[in-house]
Amino acid sequence: MRSTGFRRTVVAIGVCSSLALTATACGSGGDGSASGRTRITVNCEPPKSAEVDRGFFEADIASFGKQNPDIDVVAHDAFPCQDPKTFDAKLAGGQMEDVFYTYFTDAKHVVDINQAADLTPYLRELKSYDTIQKQLRDIYTVDGKVYGIPRTGYSMGLIYNRKLFQKAGLDPDKPPASWDEVRADAKRIAALGGGTVGYADYSAQNQGGWHFTAELYAQGGDVVSADGRKATVDTPEGHAVLQNLHDMRWTDDSMGSKQLLIINDVQQMMGSGKLGMYLAAPDNIPILVKEKGANYDDIAIGPMPGGKGTLIGGDGYMFNKHDTPAQIRAGLKWLDHMFLTPGSGFLGDYARARQHNAPVGLPEPRLFTGAADAKDQQAKKANANVPVGNYQAFLDGNQHLQMKIEPPDAQQIYSVLDAAVSAVLTKKDADIDQLLKDASGKIDSILARS
């Protein structure tokens, strides 16, 4: 699944627009040159309704143009940055931009259908490439060739309400480290009464399957085998995930009676101060505050319980297979300028973000390593306007977790796993063994067709 926002706080609809550098229609076009200048189209510009982010994006493209007068960049806005319903058709129809946004889970698929340019010969043009975390770079590497560049990443953790932890007699600086501790803490929080729920989870619209996957990784399991051919959910780890949810729901009564929840439902519960814990990425935190009524001081995040693994996701840019070498080089320069220079650009200019009251100091994204990471974190810390101490447990715990991307055919698999999660949360007598057996067979069929 994707993370929750375009950048920090954008929620809007998308249209096609041209930035004043040169006129264009939507989509990739031409040979990329005019009057000796190289022209590239790019997407994922914030829409006009997101004034602050739109202004940042345009300012950064304008500054890029001043530094690179031989390159024209034409940006197309959109929300969401990628529509799964039209993505493949846009690729096949030759309407995709020269440099286009993708989710991590798209990378191999775009390569498999032969719609991505091979960037390997041009990587020396990307100054930042070696500073990006290898596990993120590897997502866009297929058969030893590089087809895309990560822009941002997230990992799942446990968001919790510090105020409810204190009321329940729990230490708000020590989030639960195991699933047994999650269960015990959820039970104490639910005992506060007044409609308070200890722990909530998604179980509809494929989101239950997404969270099942995250919880399975946390147990040390996998959804599919290493070769991507067989389901691996009917295992002790898979059983532990469903048994834990069942027991919290029916034995402990710590998950409340309302089920079949999706992300917005759970965010509303947390924002209203009636929920103790749920799984999410750090980018949920500003949404809880700005849209759902929470307070930054009350919201904290810890690592995924269990100490074994966590689900990661994120996005990046790939290049149209029709791009010329000049367009590829221009696009890589643009990515360096916009997103991949620590402490500057659209995602990294923390001083500018703070001036416009955007949250600075959240523990992710954390894209870089070594000196580049140190520089980025130093700039973030200097401009932080959120309680960074509330996220230290997440940062510390993530250092010891295996970071694992979503499975192949993720949405189809999530749909199957939704049924298992919803069953244990709505039926007290749900047969966990049978649910996992059925899910395994259906996932095997999905994998056999892909």
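Our subject in this report is the structure included herewith. (Residues numbered from 1 in each chain as written. Predicted model: local features only at pLDDT ≥ 70, side-chain atom pairs only at ≥ 80, totals over all residues. Heavy atoms only, no water.)

1. Things to note about the overall build of the protein
- Secondary structure summary: the protein contains 17 helices and 13 strands in total.
- Computed over the C-alpha atoms, the radius of gyration of the protein is 22 Å, within 12% of the 22 Å expected from 2.2 N^0.38 for a compact globule of 450 residues.
- Principal axes of the C-alpha set define a box for the protein whose edges measure 70 × 50 × 35 Å.
- Evaluated residue by residue, the protein yields a buried proportion of 57% over its 450 residues.
- Partitioning the intrachain contacts of the protein with sequence separation of at least 6 by distance along the chain shows that 77% fall at a separation of at least 24.
- Side chains of the protein carry 47 positive and 55 negative charges; the gap between the two charge centres is 3 Å. (Helix = DSSP H or I, 4+ residues; strand = E, 2+ residues; numbered from the N terminus. Rg over C-alpha atoms; globule rule 2.2 N^0.38 Å. Buried < 20%, exposed > 50% of the residue type's maximum accessible area, 1.4 Å probe, protein only. Contact = heavy atoms within 4.5 Å. Lys, Arg positive; Asp, Glu negative; His and termini not counted. Charge placed at Lys NZ, Arg CZ, Asp CG, Glu CD.)

2. Some points on helix H7 (residues 207-218)
- For H7, spanning twelve residues, the distance from its first C-alpha to its last is 17 Å, which sits close to the expected 16 Å at 1.5 Å a residue.
- Within the span of H7, buried status applies to Gln207, Gly208, Gly209, Trp210, His211, Phe212, Thr213, Ala214, Glu215, Leu216, Tyr217 and Ala218. (Expected span 1.5 Å × (residues − 1).)

3. Side note on the packing of aromatic side chains
- Taken as a whole, this structure holds 13 aromatic pairs when the rule is applied.
- Between the aromatic rings of Phe87 and Phe100, the centroid separation amounts to 6.3 Å while the plane-to-plane angle is 55°, which identifies the pairing as tilted. You can see Phe87 sitting in helix H2 (residues 87-92) and its partner Phe100 sitting in strand E4 (residues 99-103), a full 13 residues away along the chain.
- Classification of Phe87 as buried rests on a relative accessible area of 6%.
- Accessibility expressed as a relative area gives 0% for Phe100, which makes it buried.
- Summarising the aromatic geometry, the rings of Phe104 and Tyr140 are spaced 6.0 Å apart at their centres and angled 85° between planes, so their arrangement reads as edge-to-face. One end of the pair, Phe104, is in the loop between E4 and helix H3 (107-112); the other, Tyr140, is in the loop between helix H4 (134-137) and strand E5 (141-142), with 36 residues separating them in the sequence. The pair formed by Phe104 and Tyr140 is uniform in burial state, with each residue classed as buried.
- Pairwise contacts between aromatic rings join Phe57, Tyr101, Tyr103, Tyr317, Trp334, Phe339 and Phe346 into one cluster.
- Here the basic side chain of Arg137 rests over the ring of Tyr129, its NZ or CZ set 5.2 Å away from the ring centre. (Phe/Tyr/Trp six-rings, centres within 6.5 Å; stacked < 30°, edge-to-face > 60°. Lys NZ or Arg CZ within 6 Å of the ring centre and 35° of its normal.)

4. A short note on helix H9 (residues 263-271)
- Restricting attention to buried positions, one finds in H9 the residues Ile263, Val266, Gln267, Met269, Met270 and Gly271.
- Its buried side turned inward, H9 meets strand E8 (157-161), strand E9 (197-199), H7, strand E10 (275-280), helix H10 (284-290) and strand E11 (299-303).
- Within two residues after H9, Gly273 carries a phi angle of roughly 80°, on the positive side.

5. Structural notes on the packing of helix H1 (residues 51-67) against helix H11 (residues 325-338)
- At a minimum axis separation of 10 Å, H1 and H11 run at an interaxial angle of 125°. As judged from the angle between their axes, H1 and H11 are oblique. Crossing hand, H1 versus H11: right-handed. Of H11, the residues touching H1 (which contributes Phe57, Asp60, Ile61, Ser63, Phe64 and Gln67) are Ala330, Lys333, Trp334, His337 and Met338.
- Considered class by class, the residues forming the contact of H1 with H11 number six nonpolar, three polar and two charged. (Axes fitted to C-alpha atoms, helices over the stretch in contact; angles between N-to-C directions. Parallel < 35°, antiparallel > 145°, perpendicular 65-115°, else oblique. Left-handed = near helix turned anticlockwise from the far one by under 90°. Nonpolar A, V, L, I, M, F, W, Y, C, P; charged D, E, K, R; others polar.)

6. Structural notes on the state of the cysteines
- Summed over the entire model, instances satisfying the criterion amount to one disulfide.
- Across a sulfur-sulfur distance of 2.0 Å, Cys44 and Cys81 are joined as a disulfide pair. Judged by the sign of its S-S torsion, about 60°, the cystine formed by Cys44 and Cys81 is right-handed. Placement of the pair is Cys44 in strand E2 (residues 37-45) and Cys81 in the loop between strand E3 (71-77) and H2, with a sequence separation of 37 residues. (Disulfide = S-S within 2.5 Å.)

7. Brief notes about the pairing of strand E7 (residues 148-155)
- A large share of E7 lies buried, amounting to eight of its eight residues.
- Relative to strand E12 (residues 309-319), E7 is paired through seven bridges, and the arrangement is antiparallel. Across the sheet, residue Gly148 finds its bridge partner in E12, namely Met318. (Pairing = 2+ DSSP bridges.)

8. Considering the packing of H7 against helix H16 (residues 410-426)
- Relative orientation of the contacting elements H7 and H16 amounts to 85°, with a least axis distance of 6 Å. The angle between H7 and H16 places the two elements in the roughly perpendicular class. Residues Gln207, Gly208, Gly209, Trp210, Phe212 and Thr213 of H7 lie in contact with H16, whose contacting residues are Tyr414, Leu417, Asp418 and Val421.
- Here the contact of H7 with H16 is built from residues that sort into five nonpolar, four polar and one charged.

9. Section: the pattern of salt bridges
- Taken as a whole and assessed by the stated rule, the structure comprises 18 salt bridges.
- Put simply, Asp173 and Arg162 hold a salt bridge, and the shortest N to O gap is 2.9 Å. Of the two residues, Asp173 is situated in the loop between helix H5 (162-167) and helix H6 (179-190) and Arg162 in helix H5; the sequence distance between them amounts to eleven residues.
- Notably, a salt bridge pairs Lys404 with Asp222, separated by 2.4 Å at the nearest N-O pair. One end of the pair, Lys404, is in strand E13 (residues 402-405); the other, Asp222, is in the loop between H7 and helix H8 (236-251), with 182 residues separating them in the sequence.
- Overall, Lys404 belongs to the buried group, its relative accessible area being 11%.
- Since its relative accessible area comes to 33%, Asp222 is described here as partly exposed.
- A single salt-bridge network, built from bridges that share partners, covers Glu45, Arg54, Glu58 and Asp77. (Salt bridge = Lys/Arg side-chain N within 4 Å of Asp/Glu carboxyl O.)

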